[in-house]
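Spelled out, the chains give:
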Amino acid sequence: MAQVLKMIFNSRIVLAILVAFSTTWAGARSLSDLDAVNQSAWQRVLSMRIAKAYTQMAAGVDAEAAKLDLDQSIAEFDHILSQLELNSPNSKLHNRINKIKSEWKTFRELAESKPAKANVENVLENANDLLYQADALVREWKTRLPQSYGDSIDLAMQQSMLSERIGAYYVAQYLGIAQTWMTRELEYAIVAYEDGMVAIRQDGEQGNVPAQLMSQLNSNWEYAKMGLSQFQKGHFVPVVITVTMESMYEQTNILGAAYHVQERLAMNNVIGKSGLAANVSE
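### Describing the overall build of the chain
Here is step 1: A count of helices and strands for the chain gives 10 helices and 0 strands.
Here is step 2: When the helices and strands of the chain are placed in sequence order, the string is α-α-α-α-α-α-α-α-α-α.
Here is step 3: With 282 residues in all, the chain has 52% of them scored as buried.
Here is step 4: Here the analysis covers contacts within the chain between residues at least 6 apart in sequence; of these, 78% occur between residues at least 24 apart.
Here is step 5: Per element, the accessible surface of the chain, about 12,700 Å² overall, is 52% carbon and sulfur.

Written as structure tokens, this is what we have:
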């Protein structure tokens with residue numbers, strides 16, 4: 001595992017790895033169950049990335065870059081959703097995907113509307129609805145894997161989602177949208193991210209996370225917490241938080257891609273020994 005992570009951490013191939021595992025391989029006809037867990041976990045991230053981009057645009061915080069993120073994330077969500085639908089192996093998963101499609105239609109229309117402070121709360125509420133359905137899909141698809149498979153991917157992608165969630169709710173606070181539920185969601189997201197960092201640090205202590213990546217994550221998170229701790233006092237640094245959370249998002253994406261490679265290799269060994277050919281992508 002450590003060797004795989006060190007290889008993927010090489011900056012020359014990070015982009016290729018992320019592209020490979022955030023979209024279906026060109027020409028592939030199906031996804032394995034592990035790939036589908038990765039893709040559905042990525043949908044959780046995209047739901048909050050879109051909401052964050054919209055909120056940034058409404059607030060005028062790095063709006064040009066946020067518009068690019070919004071357009072790219074919408075296209076990516078559409079592509080992944082179509083791939084998951086084509087590869088759903090049973091009615092339960094197909095029904096869940098239909099729920100996601102319904103939530104996605106509403107959310108996409110809001111996300112593509114003209115950015116405005118008055119619409120931010122509605123965008124965040126609908127992002128939560130979509131996130132709930134995408135998370136349920138992750139859980140349901142994971143039941144098709146051997147025990148503990150997909151857990152590392154789930155953890156890394158959860159951290160990526162939370163970095164986007166923190167960014168979205170922080171900018172909403174900066175905009176002055178005085179809703180108690182938003183403040184609570186920001187606080188919950190911060191606590192959840194710290195819990196996830198504890199798990200990643202433990203993995204790092206076992207040599208499963210490159211020291212440089214672990215150091216960067218720790219450093220960025222400690223820096224982010226200093227800024228986040230001041231929001232209840234009305235002190236906001238939206239550009240600093242946005243840039244820092246973006247770095248953390250990228251770092252946990254790298255970690256998630258590495259976990260995906262590692263688990264695919266392990267899964268292939270399981271398949272080879274047990275003959276579980278249903279989990280092999282064509």
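### Description of the nonpolar core
Here is step 1: Core analysis: the biggest nonpolar cluster contains 78 residues, and Leu124, Ile166 and Trp221 have the highest contact counts within it.
Here is step 2: Listed by contribution, the elements that provide at least two residues to this core are α3 (33-59), α4 (63-87), α5 (91-111), α6 (117-142), α7 (151-175), α8 (180-205), α9 (211-228) and α10 (238-274).
Here is step 3: The dominant element in this core, judged by the number of residues it contributes, is α3, at 14 residues.

### Let's talk about the packing of α3 against α4
Here is step 1: Between α3 and α4, the shortest axis-to-axis distance is 8 Å and the interhelical angle comes to 150°. With respect to α4, the element α3 is oriented roughly antiparallel. Between α3 and α4 lies a crossing of left-handed hand. Here α3 contributes Ala36, Gln39, Ser40, Trp42, Gln43, Leu46, Arg49, Ile50, Ala53, Tyr54, Gln56 and Met57 to the contact with α4, which in turn contributes Ala63, Ala66, Lys67, Asp69, Leu70, Ser73, Ile74, Glu76, Phe77, Ile80, Leu81 and Leu84.
Here is step 2: Each residue belonging to the contact of α3 with α4 can be placed in one class, and the counts come to 15 nonpolar, 5 polar and 4 charged.

### Focus: the packing of α4 against α5
Here is step 1: At a minimum axis distance of 11 Å, the contact between α4 and α5 shows a crossing angle of 160°. As summarised for this structure, α4 and α5 are arranged roughly antiparallel, according to the angle between their axes. Judged by the sense of rotation from one axis to the other, the crossing of α4 with α5 is left-handed. Only His94, Ile97, Asn98, Ile100, Lys101, Trp104, Arg108 and Ala111 of α5 make contact with α4, whose side of the interface consists of Leu70, Ile74, Phe77, Asp78, Leu81, Leu84 and Glu85.

### Brief notes about the packing of aromatic side chains
Here is step 1: Tallied over the entire structure, the rule returns 7 aromatic pairs.
Here is step 2: Plain terms: the ring middles of Phe77 and Trp104 are 4.1 Å apart, the flat faces sit at 20° to each other, and that makes the pair stacked. On the criterion of sequence distance, the pair formed by Phe77 in helix α4 and Trp104 in helix α5 is long-range, its members being 27 residues apart. For the pair shown, Phe77 and Trp104 are each scored as buried.
Here is step 3: Through pairs of rings, three or more aromatic residues link up here, namely Phe77, Trp104 and Phe107.

### Side note on a nonpolar patch on the surface
Here is step 1: The grouping of Tyr223, Met226, Val237 and Val240 at the surface amounts to a nonpolar patch, some 350 Å² of accessible area in total.
Here is step 2: As for its placement among the helices and strands, Tyr223 is situated in helix α9.

### Description of α3
Here is step 1: Taking 1.5 Å per residue, 27 residues should reach 39 Å; α3 reaches 39 Å between its end C-alpha atoms and fits that length.
Here is step 2: The buried fraction of α3 amounts to 26 of the 27 residues, a majority that puts the element mostly inside the structure.
Here is step 3: Gly60 occupies a position one or two residues after α3 and carries a positive phi of about 70°.

### Considering the pattern of salt bridges
Here is step 1: Under the definition given, this model contains 22 salt bridges.
Here is step 2: Arg165 is the partner of Glu185 in a salt bridge, and the nearest nitrogen-oxygen pair spans 2.7 Å. A residue pair is termed long-range when its members are at least 10 positions apart, and Glu185 in helix α8 and Arg165 in helix α7 qualify at 20 residues.
Here is step 3: The partly exposed category is assigned to Glu185, whose relative accessible area is 21%.
Here is step 4: Note that Lys225 is salt-bridged to Glu194, the shortest N-O span being 3.1 Å. With Lys225 in helix α9 and Glu194 in helix α8, this residue pair connects regions lying 31 residues apart in the sequence.
Here is step 5: With a relative accessible area of 25%, Lys225 lands in the partly exposed category.
Here is step 6: Taken together, the shared-partner salt bridges in this structure form one network comprising Arg44, Asp135, Arg139, Lys142, Asp151 and Asp154.

### A few points about the environment of Ala199
Here is step 1: Relative to the assigned elements, Ala199 resides in helix α8.
Here is step 2: When the C-alpha positions of Ala199 and Ala156 are compared, they lie 9.8 Å apart, and in sequence the two are 43 residues distant.

### Some remarks on the confidence of the model for the chain
Here is step 1: On average, residues of the chain score 87 in pLDDT, and 85% of them reach the 70 mark or higher.
Here is step 2: A low-confidence stretch, residues 11-29 stays under pLDDT 50, and its non-local contacts, those more than four residues away or across chains, total 30 contacts.
Here is step 3: pLDDT under 50 marks residues 272-282. Its contacts with residues more than four places away, or in other chains, come to 19 contacts.

Cut-off values and rules
Residues numbered from 1 in each chain as written. Predicted model: local features only at pLDDT ≥ 70, side-chain atom pairs only at ≥ 80, totals over all residues. Heavy atoms only, no water. Helix = DSSP H or I, 4+ residues; strand = E, 2+ residues; numbered from the N terminus. Buried < 20%, exposed > 50% of the residue type's maximum accessible area, 1.4 Å probe, protein only. Contact = heavy atoms within 4.5 Å. Areas by Shrake-Rupley, 256 points an atom, 1.4 Å probe, with all protein chains shown as cover. Core = buried A, V, L, I, M, F, W, Y, C linked by side-chain atoms within 4.5 Å. Axes fitted to C-alpha atoms, helices over the stretch in contact; angles between N-to-C directions. Parallel < 35°, antiparallel > 145°, perpendicular 65-115°, else oblique. Left-handed = near helix turned anticlockwise from the far one by under 90°. Nonpolar A, V, L, I, M, F, W, Y, C, P; charged D, E, K, R; others polar. Phe/Tyr/Trp six-rings, centres within 6.5 Å; stacked < 30°, edge-to-face > 60°. Patch = residues over 30% accessible without salt bridge, like charges linked within 9 Å, V, L, I, M, F, W, Y side chains within 5 Å. Salt bridge = Lys/Arg side-chain N within 4 Å of Asp/Glu carboxyl O. Expected span 1.5 Å × (residues − 1). pLDDT = per-residue confidence, 0-100.

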